[in-house]
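Given next are the chains, with one letter for each unit.
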Amino acid sequence: MKTYADRRTSLLQQMQAKGGGIAIIPTAPEVMRNRDADYPYRHDSYFYYLSGFTEPEAVIVLVCGENGNQSILFCREKNMEREIWDGFRYGPDTARAHFGFDAAYPIAALDTELPKLMENAPALFYALGSNDKLDAQVQRWLQSVRAQARAGVVPPASAYDVQVLLDEMRLKKDATEIDIMQRSADIAASAHRRAMRTAKPGLREYHLEAEILHEFRTNGSQYPAYGSIVATGANACVLHYRASDAELKDGDLVLIDAGCELDSYASDITRTFPANGKFSGPQKELYEIVLASQIAAIKETRPGKRFMDGHDAAVSVLTQGMLDTGLLDKNKVGSLDDAIETRAYSQFYMHRTGHWLGMDVHDVGDYRDAYLNGTERPWRTLQPGMILTVEPGIYVRPAEGVPEQYWNIGIRIEDDALVTEGDAHILSEAAPKTVADIEALMKH
């Protein structure tokens with residue numbers, strides 16, 4: 001548990017640099033699905049990042065003051081009756097020792113202990129608005145401290161969003177995180193291979209989703225990282241389509257966007273392949289354009305490059321491909337530069353080429369650097385340890401002037417890229433993505 005203790009120490013050091021104070025980081029609440037059934041519980045990522053603790057009803061409090069630093073965990077008490085129904089609970093004493101906190105209290109003691117800890121604290125480090133129930137409690141605790149003004153007690157005079165500090169910490173992954181994310185990507189890649197081997201005309205989207213989920217759980221993943229997208233035919237042109245009951249038809253493509261969560265870290269992979277195992281001429285033509293655009297973007301995924309450099313590289317290749325195939329009419333949109341400047345390509349490619357990846361699928365971290373001399377904030381400079389997706393695509397809906405042979409073709413290719421000192425390392429490389437490799441796999 002040293003990793004989590006080191007992270008708490010790092011956060012305390014940042015608090016000290018701002019004059020000290022008290023930080024409050026809650027875990028996620030349990031959420032009712034319907035009547036007596038809860039949604040499967042998933043802890044808050046910020047909370048877990050600092051603790052490794054996965055039980056609900058828990059709060060971390062870090063105190064940075066004149067008398068030193070202290071890390072405190074509030075959690076559920078031991079309760080043998082509830083453990084019969086819900087499973088093991090650490091309880092404060094065992095949790096304190098196991099997870100390396102200086103002190104631990106029952107969660108019911110929050111209202112008693114927090115006003116004391118807030119007394120004369122220089123600042124409050126808390127993400128206001130992230131938890132309605134805790135927001136109300138924080139307001140009560142502050143009022144309780146203010147009520148002691150005539151006794152010389154004062155509440156925190158400043159407030160900081162603790163998540164902003166944690167975002168910067170989480171953006172660059174350490175060796176342990178990278179190892180987990182590699183294993184998560186390996187499991188997800190195996191699931192994509194399984195789906196390709198299984199696919200054939202006559203199956204339905206949910207059949208492939210079932211194969212993916214089977215592979216996730218068989219290999220130890222606790223959950224899907226997000227709702228899997230399994231889209232056949234025209235459904236692939238719906239960006240956030242969810243796997244449903246559409247039938248895989250001979251001659252259609254299948255787009256699968258699916259990743260798993262392993263030990264709180266996500267993978268995020270998209271592959272597109274023919275339901276019958278063989279790309280048609282128009283499908284292959286557009287697929288090769290998307291693949292070339294992804295390769296161009298990955299080349300820009302290296303230290304010193306800006307976050308948007310990969311997107312710009314992908315857009316250039318995609319737009320040229322759209323002009324070459326007639327998806328974009330040169331007589332109407334003009335040159336490549338004209339089509340990019342007017343965003344004519346957005347008819348067929350309307351999303352960004354990637355996002356941060358980590359404990360959350362769309363992970364935390366600013367996409368822009370700090371202001372420089374009052375000018376517009378530049379896009380973030382990539383550094384080793386950052387992990388991001390690279391996911392260009394082309395989505396062709398039927399429309400006037402669009403060549404009919406491309407109608408209802410939706411293609412996206414997405415990989416998880418680790419920024420290293422040199423070329424990006426593709427965590428998800430075990431999932432086939434060339435035409436030749438996909439067709440070879442689907443023959444078996």
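Note: the structure precedes this text.
Residues numbered from 1 in each chain as written. Predicted model: local features only at pLDDT ≥ 70, side-chain atom pairs only at ≥ 80, totals over all residues. Heavy atoms only, no water.

J.: So what's going on with empty space enclosed by the protein? Residues and values would help.
T.: Counted under the stated rule, the structure contains 1 cavity of 30 Å³ or more. The computed volume of the largest cavity comes to approximately 100 Å³. Of all elements in the fold, only α11 (309-325) and β15 (387-390) reach the threshold of two or more residues within the lining of the largest cavity. Per-element tally for the lining of the largest cavity: the top contributor is β15, with 3 residues. Looking at the lining of the largest cavity, its residues break down into 5 nonpolar, 6 polar and 2 charged. (1 Å grid on protein atoms, 1.4 Å probe; cavity = no way out; pocket = protein on both sides within 12 Å on 5 of 7 lines; lining within 4 Å. Points joined across faces, edges and corners; volume = space filled by probe spheres on them. Helix = DSSP H or I, 4+ residues; strand = E, 2+ residues; numbered from the N terminus. Nonpolar A, V, L, I, M, F, W, Y, C, P; charged D, E, K, R; others polar.)

J.: So what's going on with helix α14 (residues 435-442)? Residues and values would help.
T.: Because an α-helix packs 3.6 residues into every turn, residues spaced three or four apart end up facing the same way. Among the residues of α14, Val435, Ile438, Glu439, Leu441 and Met442 are the ones counted as buried. For α14, the angular spread of buried residues about the axis comes to 160°, placing them on one side. Structurally, α14 contributes buried residues whose contacts are with α8 (175-198), β14 (269-274) and α10 (281-299). (Buried < 20%, exposed > 50% of the residue type's maximum accessible area, 1.4 Å probe, protein only. Arc of directions from axis to C-beta. Contact = heavy atoms within 4.5 Å.)

J.: Explain the sheet that holds strand β10 (residues 229-232) to me, and be specific about the residues and the numbers.
T.: The strands making up a sheet associate through hydrogen bonds between their backbones, and the pairing can be parallel or antiparallel. Taken together, 3 strands build an open sheet; the order of strands is β10-β11-β14 and the sheet is antiparallel. Only two strands of the sheet have a single neighbouring strand rather than two, namely β10 and β14. When the angles between neighbouring strand axes are averaged without regard to direction, this sheet yields 10°. Taken together, the 4 bridges between β10 and strand β11 (residues 253-258) define a ladder with antiparallel strand orientation. Its bridge partner being in β11, isoleucine 229 is matched across the sheet by aspartate 257. Contacting β11 and β14, α8 runs over the sheet at an angle of about 15° to β14. (Pairing = 2+ DSSP bridges. Axes fitted to C-alpha atoms, helices over the stretch in contact; angles between N-to-C directions.)

J.: So what's going on with the sheet that holds strand β9 (residues 223-224)? Residues and values would help.
T.: Read across the open sheet, the 3 strands follow the order β9-β12-β13; overall the sheet is antiparallel. Both edges of this open sheet fall to β9 and β13 (265-266), since each of them pairs with a single strand only. Two elements, strand β12 (residues 260-262) and β13, share 2 bridges in a ladder whose sense is antiparallel. Bridge pairing links glutamate 261 to alanine 266 in β13. Where α8 meets the sheet, it contacts β12 and β13, and its direction lies at approximately 145° from that of β12.

J.: So what's going on with the packing of α8 against helix α9 (residues 205-218)? Residues and values would help.
T.: Put simply, α8 and α9 touch, their axes get as near as 8 Å, and they point 145° apart. You can see that α8 and α9 cross each other, and the crossing is right-handed. Packed against α8, whose contacting residues are Ile187, Ala188, Ser190, Ala191, Arg194, Ala195 and Thr198, the element α9 presents Leu208, Glu211, Ile212, His214, Glu215 and Phe216 at the interface. Considered class by class, the residues forming the contact of α8 with α9 number 7 nonpolar, 3 polar and 3 charged. (Left-handed = near helix turned anticlockwise from the far one by under 90°.)

J.: Quick rundown of the pattern of salt bridges? Include the residues and the values.
T.: What the rule picks out here adds up to 26 salt bridges. Where lysine 2 meets aspartate 6, a salt bridge forms, and the shortest distance between an N and an O atom there is 2.8 Å. Within this pair, lysine 2 and its partner aspartate 6 are both found in helix α1 (residues 2-17), separated by 4 residues, close to a single helical turn. The exposure class assigned to lysine 2 is exposed, which follows from its relative accessible area of 61%. One salt bridge in this structure joins aspartate 360 and arginine 170, with 3.0 Å as the shortest N-O distance. Here aspartate 360, found in the loop between α13 (336-341) and β15, pairs with arginine 170, found in helix α7 (residues 162-171); they are 190 residues apart in sequence, far enough to count as distant. For aspartate 360, a relative accessible area of 25% translates into the label partly exposed. A relative accessible area of 2% places arginine 170 in the buried class. (Salt bridge = Lys/Arg side-chain N within 4 Å of Asp/Glu carboxyl O.)

J.: Report on the packing of aromatic side chains, specifying residues and quantitative values.
T.: What the rule picks out here adds up to 13 aromatic pairs. Grouped by ring-pair contacts, the aromatic residues Phe47, Phe53, Phe88, Tyr90 and Phe99 constitute a single cluster. The side chain of arginine 170 reaches across the aromatic face of tyrosine 46, ending 4.7 Å from its centre. In this structure, arginine 352 is placed above the aromatic ring of tyrosine 367, and the distance from its NZ or CZ to the ring centre is 5.4 Å. (Phe/Tyr/Trp six-rings, centres within 6.5 Å; stacked < 30°, edge-to-face > 60°. Lys NZ or Arg CZ within 6 Å of the ring centre and 35° of its normal.)

Limitation: the analysis is restricted to geometry and does not speak to function.
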